[in-house]
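Observations on the model geometry
Residues per chain, in single letters:
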Amino acid sequence: MDFFLGGLTRGLGLLINLDPEVYGIAWLSLRVSLSAVILAALAAVPLGLVIGQKEFLGKRFLVVVFNTLLALPTVVVGLVVYGLLSYHGPLGGMGILYTPWAMVAAQAVLAFPLITALVIAAVITLDNRVGPTALTLGATPMQAAWAVLKEARFAVLAALAAGFGRVITEVGAAIMVGGNIRHYTRTFTTAIALETSKGEFAQGMALGFFLLVVALAVNLASHQLQARWK
Amino acid sequence: MSQALFSLRGVVKRFDQREALNLERLDLEAGVITVVEGPNGAGKTTLLSILALITPPDQGRLFFDGQDLPNSGSQLTAWRRQITLVAQQAYLFDTSVEKNVAYGLRLRGLERAQREDRVGEALAQVGLAEFGPRRAKRLSGGEMQRVALARALVLRPRALLLDEPFANLDPASALVFERVLGELSGQGCTVVLVSHALEQAHRVAQRVVYLRGGRLAPDAGQGPSA
Ligand SMILES: Nc1ncnc2c1ncn2[C@@H]1O[C@H](COP(=O)(O)OP(=O)(O)O)[C@@H](O)[C@H]1O
Ligand SMILES: [Mg+2]
């Protein structure tokens, strides 16, 4: 019991005392994960829309592929991105391994299939009259697609929230391509892993608590967005 | 006989090899209310969807206002903006009634003040003047169909396509549809109304076309039942 209570009180302490290192970690985690979700969504949302709406050969297979990719272990994604970004890898010239950008890349890869799969599901379950209705009222195909997205807004924003949840909580990829460098690539999860390995359980708990507070803030913000977008 | 707004030549539409529609020749005159009758599965909805430029035919040609229309492509939007369809159970967007009605005007880039005027007018026309701020999804079935009608009327289309407008309507809403159709016939709007044989449809029809098994029945093209 002390373990949890201690973590909780220390977590509150970190929040209140504005511990600069912890706030740095929080800020980095937030920036990296939000960037990754935005990057992934730029590709995943249009793709999910197209796959969900169009009828074509192999559609079911593609859906199965995306659903399977949800099971992708984060360390495998980390490994692949590491391979791509490492000095001798095909993208090694970019020189971004062990920078926050590498973590953004890995987390975007991780979020991409999840957001795509959830947007596909959102569009498939949506009333199929939305697109044609928009067209008969004079929408261009792009405007009709936007109407579909808007009608599915709750599910689409839930997809983005799920993507954010997946990436801000993952640790495997962030450690592998970020390196858990203090003041530079140390995120919530890599810090928790480190504290735990040092036996600093309460500090780990405190960070975990802080992470939840950040996630809560992000979800509240997205909820506000949802309420306004109609 | 006035000029045809729609002309179909050899239009065929199939679903999974089955022929849903096969129209050798059909002309729909401008400014006329045409009622298309036929039993369930006759191809009426398919015909409207082709006329609305939503479903491309598999074969044949469709002329609108004398122009041979392409099956797809970006120019189609400009044509589509002259035509609108009120579906049998129209889909209303999950927002307010006024935003539903204003949707097509926004797409056409109308200013806010102008939009509000025309939306107000259209809602009054269907007897829903006070309904603007209401949430569309919370309305009754008849009210929803009237909102869909207002959303079409507000566009002042050259052609208005109505799919079974009187099916499942409460009497008050049916009267609204009948009155609006009467008003439209004096305004040069071309109306194509689909229905299984119903008195109300006959009352407003200036021409009745019979569809059976996707084809025009032999007595097609006759004048109104009167
Ligand atoms: N999307 C579709 N997929 C498969 N068959 C369809 C589809 N739409 C219509 N059909 C078929 O085409 C025929 C004509 O349908 P429809 O135009 O809806 O008739 P109506 O409106 O006169 O009742 C029917 O046999 C129907 O089952
Ligand atoms: Mg029908």
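Residues numbered from 1 in each chain as written. Chains lettered and ligands numbered in written order. Predicted model: local features only at pLDDT ≥ 70, side-chain atom pairs only at ≥ 80, totals over all residues. Heavy atoms only, no water.

**Re the overall build of chain A**
If you tally the helices and strands in chain A, you get 11 helices and zero strands. What you see in chain A, going N to C, is helices and strands ordered as α-α-α-α-α-α-α-α-α-α-α. Scored against the burial criterion, the 230 residues of chain A give a buried share of 45%. Partitioning the contacts of chain A with sequence separation of at least 6, the portion at a separation of at least 24 is 75%. (Helix = DSSP H or I, 4+ residues; strand = E, 2+ residues; numbered from the N terminus. Buried < 20%, exposed > 50% of the residue type's maximum accessible area, 1.4 Å probe, protein only. Contact = heavy atoms within 4.5 Å.)

**Side note on the layout of surface pockets**
Taken as a whole, the second largest pocket holds about 640 Å³ of empty space. Contributing to the lining of the second largest pocket are 24 residues, with Glu98, Lys99, Ala102, Tyr103 and Arg106 of chain B lying nearest its centre. Of all elements in the fold, only helix H7 (141-151) of chain A together with helix H3 (97-107) and helix H4 (112-125) of chain B reach the threshold of two or more residues within the lining of the second largest pocket. For the lining of the second largest pocket, the class distribution of residues is nine nonpolar, four polar and 11 charged. (1 Å grid on protein atoms, 1.4 Å probe; cavity = no way out; pocket = protein on both sides within 12 Å on 5 of 7 lines; lining within 4 Å. Points joined across faces, edges and corners; volume = space filled by probe spheres on them. Nonpolar A, V, L, I, M, F, W, Y, C, P; charged D, E, K, R; others polar.)

**Description of the packing of helix H2 (residues 20-53) of chain A against helix H8 (residues 153-169) of chain A**
Residue and element names in this part refer to chain A. Packing of H2 against H8 leaves a shortest axis separation of 9 Å and a crossing angle of 135°. Between H2 and H8, the interaxial angle falls into the category oblique. Viewed along their axes, H2 and H8 form a crossing whose handedness is right-handed. Of the residues in H8, those touching H2 at Ser29, Leu30, Ser33, Leu34, Val37, Ala41 and Val45 are Leu160, Gly163, Phe164, Val167 and Ile168. Per-class residue counts for the contact of H2 with H8 are nine nonpolar, three polar and no charged. (Axes fitted to C-alpha atoms, helices over the stretch in contact; angles between N-to-C directions. Parallel < 35°, antiparallel > 145°, perpendicular 65-115°, else oblique. Left-handed = near helix turned anticlockwise from the far one by under 90°.)

**Looking at the sheet that holds strand S1 (residues 4-15) of chain B**
All names here are of chain B. Taken in spatial order, the four strands of this open sheet run S2-S1-S4-S5, and their pairing is antiparallel. The open sheet has two edge strands, strand S2 (18-29) and strand S5 (67-68), and neither has a second partner. One ladder, built from two bridges, connects strand S4 (residues 59-64) with S5; its direction is antiparallel. Paired with phenylalanine 63 across the bridge in S5 is aspartate 68. (Pairing = 2+ DSSP bridges.)

**Considerations on the environment of arginine 115 of chain B**
Residues and elements named next belong to chain B. Secondary-structure assignment places arginine 115 in helix H4. By relative accessible area, arginine 115 is classed as buried at 15%. Separated by 77 residues in the primary sequence, arginine 115 and glycine 38 place their C-alpha atoms 38 Å from one another. Leaving out residues up to four positions away in the same chain, arginine 115 has contacts with Ala102, Leu105, Arg106 and Leu110.

**Some points on the side chain of glutamate 170 of chain A**
Residue and element names in this part refer to chain A. Turning to its location among the elements, glutamate 170 is positioned in the loop between H8 and helix H9 (172-178). Here glutamate 170 is buried and forms no salt bridge, its nearest opposite-charge partner arginine 166 lying at an N-O distance of 7.6 Å. Within the structure, the side chain of glutamate 170 is placed 2.8 Å from the backbone nitrogen of alanine 173, a separation counted as a polar contact. Those residues in contact with glutamate 170 that lie beyond four places of it in its chain are Thr74, Gln107, Leu110 and Thr189. (Lys, Arg positive; Asp, Glu negative; His and termini not counted. Salt bridge = Lys/Arg side-chain N within 4 Å of Asp/Glu carboxyl O. Polar contact = N/O pair within 3.5 Å; in protein donor to acceptor, adjacent residues only side chain to side chain.)

**Concerning the site of ligand 1**
Residue and element names in this part refer to chain B. As a structural note, the neighbourhood of ligand 1 is formed by Phe15, Arg18, Ala20, Pro39, Asn40, Gly41, Ala42, Gly43, Lys44, Thr45 and Thr46. In the model, an oxygen atom of ligand 1 is placed 2.9 Å from a nitrogen or oxygen of the lysine 44 main chain. Threonine 45 is positioned with one of its side-chain polar atoms (N or O) 2.7 Å from an oxygen atom of ligand 1. Protein chains bury 61% of the 560 Å² of accessible surface belonging to ligand 1 in isolation. (Near = heavy atom within 4 Å. Areas by Shrake-Rupley, 256 points an atom, 1.4 Å probe, with all protein chains shown as cover.)

Purely geometric numbers; function is a separate question.
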